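# An overview of the molecular structure
Next come the chains, spelled out residue by residue.
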Amino acid sequence: SSGINAEYGGDEMMIGNVNFYRSQGADVSAALPHELPDSKALFLRGQNAYATEDYTSAFESFNQGLTEHLREVRNCKNLCEIGHDRYEGRKAPNFTTSATFTEQLVVLYRQVMECRYKCPSKLEKDTSLRLTEDYLPSLLNYLQFSAFQTGRLEEAARAATFYLQIRPGDQQMTSNLQYYLEKLDWEEAAIQEEYVKWH
C-alpha cells in the first residue's frame, strides 16, 4: 500500500482503485508505472504473488529482483568510476588551474569513493518508488519466507544470512536462520561463505 501511495502521489481515488482490484485477486502490476528500475518492478510482481500466497512465483520474482538489485548497484558503482553520478547528474569535478595534479587526483578519488559508497542507499531510497522504508531488508525477508514456503531451505538460509548482514541482531530472522540450518544440518560458517560469494 505504501508503494502504491508513492506511485500515485497520494491520489486517494487511484490508490483505492488499485487496492480494490488487488483485493479481488487481480494482478495490478500493469496499472503501475513502467519506468521503474527492473528490481523494483520484480519486487512489485513478487508482492502481488505473495499476497495471493503464490509462493513459487513470489520466490522467482524476489530472487530475480535481488539479482537485478545487485546488478544495479554494480552499475551505479561503475558509473562513479567514470566520473558520473547518475543520481545527481554530475560529471567529473572542474579543477581550478591553481590545483596541483596530486590535489586534483585526491579530489577526484574522494568523489569517486563517496559516490560508490552512496550507491546502495541511493538505489534503496529511489524516489521513483518508495516501496518500503528499507527496500533491501524487505526484499530479503520476502525472499527467505517465499523460499521456505516452497521447500527451498538452502535459498531461505542464504537470504536470511544476507538479511542478518544488513540487520544484525534481528531476533526473528536469527531464529529463522537457526531453524533452516538445523533442518539442512549446516553450520553457520558454511552459510557465511555463501554471503561472501553474493556480496
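Residues numbered from 1 in each chain as written. Predicted model: local features only at pLDDT ≥ 70, side-chain atom pairs only at ≥ 80, totals over all residues. Heavy atoms only, no water.

Bringing the overall build of the protein into the picture now. Looking only at helices and strands, the protein has nine helices and zero strands in total. Secondary structure elements of the protein, listed N to C terminal, follow the sequence α-α-α-α-α-α-α-α-α. The contacts of the protein with a sequence gap of at least 6 include a subset with a gap of at least 24, amounting to 61%. Surface exposure of the protein reaches about 11,700 Å², of which carbon and sulfur atoms provide 50%. (Helix = DSSP H or I, 4+ residues; strand = E, 2+ residues; numbered from the N terminus. Contact = heavy atoms within 4.5 Å. Areas by Shrake-Rupley, 256 points an atom, 1.4 Å probe, with all protein chains shown as cover.)

Scanning all chains against the criterion turns up two disulfides. The residue that forms a disulfide with cysteine 76 is cysteine 119, at a sulfur-sulfur distance of 2.0 Å. Disulfide cysteine 76-cysteine 119: the torsion about the S-S bond is -80°, which places it as left-handed. Highlighted residues: cysteine 76 in helix α4 (residues 55-81) and cysteine 119 in helix α5 (residues 101-124), separated in sequence by 43 residues. The two residues cysteine 76 and cysteine 119 agree in class, both being buried. With its sulfur 1.9 Å from that of its partner, cysteine 80 forms a disulfide with cysteine 115. Measuring the twist about the S-S bond at about -65°, one finds the cysteine 80-cysteine 115 disulfide to be left-handed. Separated by 35 residues along the polypeptide, cysteine 80 in helix α4 and cysteine 115 in helix α5 bring together distant segments of the chain. (Disulfide = S-S within 2.5 Å. Buried < 20%, exposed > 50% of the residue type's maximum accessible area, 1.4 Å probe, protein only.)

A separate point is the nonpolar core. Note that soluble globular proteins tend to have their nonpolar side chains buried in a common cluster. Phe62, Leu66, Leu139, Leu140, Leu143, Leu177 and Tyr180 are the most contacted members of the largest nonpolar core, which totals 25 residues. Among the secondary structure elements, those contributing two or more residues to this core are α3 (38-51), α4, α6 (135-149), α7 (153-166) and α8 (171-184). It is α7 that contributes the most residues to this core, eight residues altogether. (Core = buried A, V, L, I, M, F, W, Y, C linked by side-chain atoms within 4.5 Å.)

To continue, consider the environment of arginine 167. Here arginine 167 shows up in the loop between α7 and α8. With relative accessibility at 30%, the residue arginine 167 sits in the partly exposed group. Here the alpha-carbon distance between arginine 167 and proline 137, two residues 30 residues apart in the chain, equals 7.6 Å. In contact with arginine 167, other than residues within four places in its own chain, are Asp134 and Pro137.

Once that is clear, we can look at the environment of phenylalanine 162. Relative to the helices and strands, phenylalanine 162 is located in helix α7. Taking C-alpha positions, phenylalanine 162 is 8.7 Å from proline 137, a pair spaced 25 residues apart along the chain.

The predicted model of the protein has a mean per-residue pLDDT of 76, with 63% of residues at 70 or higher. Counting interchain partners and residues more than four positions distant, the pLDDT-below-50 stretch residues 1-10 has 26 contacts. (pLDDT = per-residue confidence, 0-100.)

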